[in-house]
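# A look at the structure
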Amino acid sequence: MPLSKGFAICLFVTASAFAQAQSFVAVDVEPARSVDLESRRIRVLPSGDLLGTSVNAITLISAGYNVPTNPSDRLSNLPPWAYSERYDIDARASSGAKQSSLSGESASTLIPGMFRQILADRFHLVMRAENRTLPVYALVVARGGPKLKQSNLSDCIFDTAQGGCHSFVIGFGHPLNARAVDMDDLAHYIENWTDLPVVNRTSLTGVFTTSSEGWRPMRLPPPPPNGPGNVDFTHLQTIHTVLSGLGLELRRGVATLPFYTVQQIQRPSQH
């Protein structure tokens, strides 16, 4: 029976419950040696190892729980240090994981569990999850069909570097510039600046190379400390115009999504 609007189911979630078949035998988390923007990166290697440089906790939570990295109603009670403090991560996979291939569909299901295990083991994260039915934007294929270029990057599992996969290149107005992203990645990314959550309903599979101009955010996150202040985005296109260039569009719809409340999170202790 589908949930009616306003109906909610609550449960407590420990990240380790979602690690699935992937596991780490050692997870080292240390204060970042560098907080320079150019040094920030997360990689999942074919061996199953996960390496992070200058990573904050919200980035791990975003990848593990599919919530925006910007402040959002879908994630509450997160302390400020989860945004500001950065860490270097060295997570080594078990021998069983090293013998299996992290590619294709297996990677898409295993990777969130990898982030959740790190959050459980080293940040002692416990969430309360509440499913809510609410208005959303559905990312769909426009009437004329998709205008997307299939990516030839086939051996990248997860890498936030500029030439990596499943991530976007940072730029003014958040252009949709990426070497290899799927439609879940696209929906997850633009939700950081939309006024409603975004869900992928395109039915498109595979990874694509995308390129666009920057776009005017529907909502702005709080400005960073010591930042430049108000930034004028009014001259940029709307997200609807940008997506139309990719043969995609946002349509209003309804979906049931998890909303998370942090019950516990701790700074990782040093070994």
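As a reminder, the structure under discussion sits directly above these lines.
Not measured: the values here are computed from a predicted model. (Residues numbered from 1 in each chain as written. Predicted model: local features only at pLDDT ≥ 70, side-chain atom pairs only at ≥ 80, totals over all residues. Heavy atoms only, no water.)

### Things to note about the state of the cysteines
As a reminder of what qualifies: Throughout, disulfides are identified as pairs of cysteine sulfur atoms within 2.5 Å of each other.
In total, this model carries one disulfide according to the counting rule given. The side chain of Cys-156 participates in a disulfide bridge whose partner is Cys-165; the two sulfur atoms lie 2.1 Å from each other. Around the S-S axis, the bridge from Cys-156 to Cys-165 shows a dihedral of about -80 degrees and counts as left-handed.

### Some points on the sheet that holds strand E8 (residues 149-150)
Threshold: A strand pair is defined by DSSP finding two or more bridges across the two strands. Secondary structure elements follow DSSP: runs of H or I of four or more residues count as helices, runs of E of two or more count as strands, with numbering from the N terminus.
The strand order across the open sheet formed by three strands is E8-E12-E10, and the pairing between neighbours is antiparallel. In this open sheet, the two edge strands, each paired with only one partner strand, are E8 and strand E10 (178-181). With two bridges joining them, E8 and strand E12 (residues 208-210) adopt antiparallel strand pairing. Note on E12: the bridge partner recorded for Gln-150 is Phe-208.

### Overview of the environment of Arg-41
We count it as follows: Exposure is judged per residue with a 1.4 Å probe applied to protein chains only, and the accessible area is read against the type maximum: over 50% gives exposed, under 20% gives buried, and values in between give partly exposed. Whether two residues are in contact is decided by their heavy atoms, any of which lying within 4.5 Å being enough. Polar contact is the term for a pair of N or O atoms within 3.5 Å; when the atoms are in protein, one must be able to donate a hydrogen and the other to accept it, and sequence-neighboring residues count only if both atoms are side-chain atoms.
Its location among the elements puts Arg-41 in strand E3 (residues 41-44). With a relative accessible area of 31%, Arg-41 lands in the partly exposed category. Taking the C-alpha atoms as reference, Arg-41 lies 9.7 Å from Gly-164; in sequence the two are 123 residues apart. Residues within four places of Arg-41 in sequence aside, it is in contact with Leu-51, Gly-52, Thr-53, Val-55, Asp-159, Thr-160 and Ala-161. Within the structure, the side chain of Arg-41 is placed 2.7 Å from the side chain of Asp-159, a separation counted as a polar contact.

### Regarding the nonpolar core
Heads up, the condition is: In this description, a nonpolar core means a group of buried Ala, Val, Leu, Ile, Met, Phe, Trp, Tyr and Cys residues linked to one another through side-chain atoms lying within 4.5 Å.
If you look at the biggest cluster of nonpolar residues, it comprises 34 residues, and the most contacted ones within it are Leu-50, Ile-61, Leu-75, Ile-118, Phe-123 and Ile-265. Considering every element that reaches this core, the biggest residue donor is helix H4 (residues 104-123), with six residues. When residues no more than four places from it in sequence are discounted, the contact partners of Ile-61 are Asn-66, Val-67, Leu-75, Leu-78, Leu-119, Leu-125, Met-127 and Ile-265. Ranked by size, the runner-up nonpolar core spans 23 residues in total, among them Met-183, Leu-186, Tyr-189 and Phe-208.

### Overview of the packing of aromatic side chains
Centre distance and the angle of the planes are the two values used to describe a pair of aromatic rings. Keep this limit in mind: Aromatic pairing here means that ring centres of Phe, Tyr or Trp (its six-membered ring) are within 6.5 Å. Orientation follows from the plane angle: under 30 degrees is stacked, over 60 is edge-to-face, and everything else is tilted.
In total, this model carries eight aromatic pairs according to the counting rule given. Each ring, one from Trp-81 and one from Phe-123, has its centre 6.5 Å from the other, and the planes form 10 degrees; the classification is stacked. Here Trp-81, found in helix H2 (residues 81-84), pairs with Phe-123, found in helix H4; they are 42 residues apart in sequence, far enough to count as distant. Across this residue pair, the class does not change: Trp-81 and Phe-123 are buried. When the centroid spacing of 5.6 Å and the interplanar angle of 85 degrees are considered together, the rings of Tyr-87 and Phe-123 count as edge-to-face. Linking Tyr-87 in strand E6 (residues 86-93) with Phe-123 in helix H4, this pair joins segments that are 36 residues apart in sequence. The exposure class of Tyr-87 is buried, given its relative accessible area of 5%. Residue Phe-123 is classed as buried on the basis of its relative accessible area, which comes to 0%. By the ring-pair criterion, three or more aromatic residues cluster together here, those being Phe-168, Tyr-189, Trp-193 and Trp-215.

### A closer look at the layout of surface pockets
What counts, and what does not: A pocket here means an open set of points on a 1 Å grid, computed over the protein atoms alone, that has protein on both sides within 12 Å along at least five of seven lines. A cavity is instead a set of points where a 1.4 Å probe fits but cannot get out; residues with an atom within 4 Å of a point line either one. Grid points are joined across faces, edges and corners, and a volume is the space filled by probe spheres set on the points. Each residue receives one of three labels: charged for Asp, Glu, Lys and Arg, nonpolar for Ala, Val, Leu, Ile, Met, Phe, Trp, Tyr, Cys and Pro, and polar for the others, Gly being one of them.
In this structure, the second largest pocket occupies an estimated 170 Å³ of space. The class makeup of the residues in the lining of the second largest pocket is five nonpolar, two polar and five charged.

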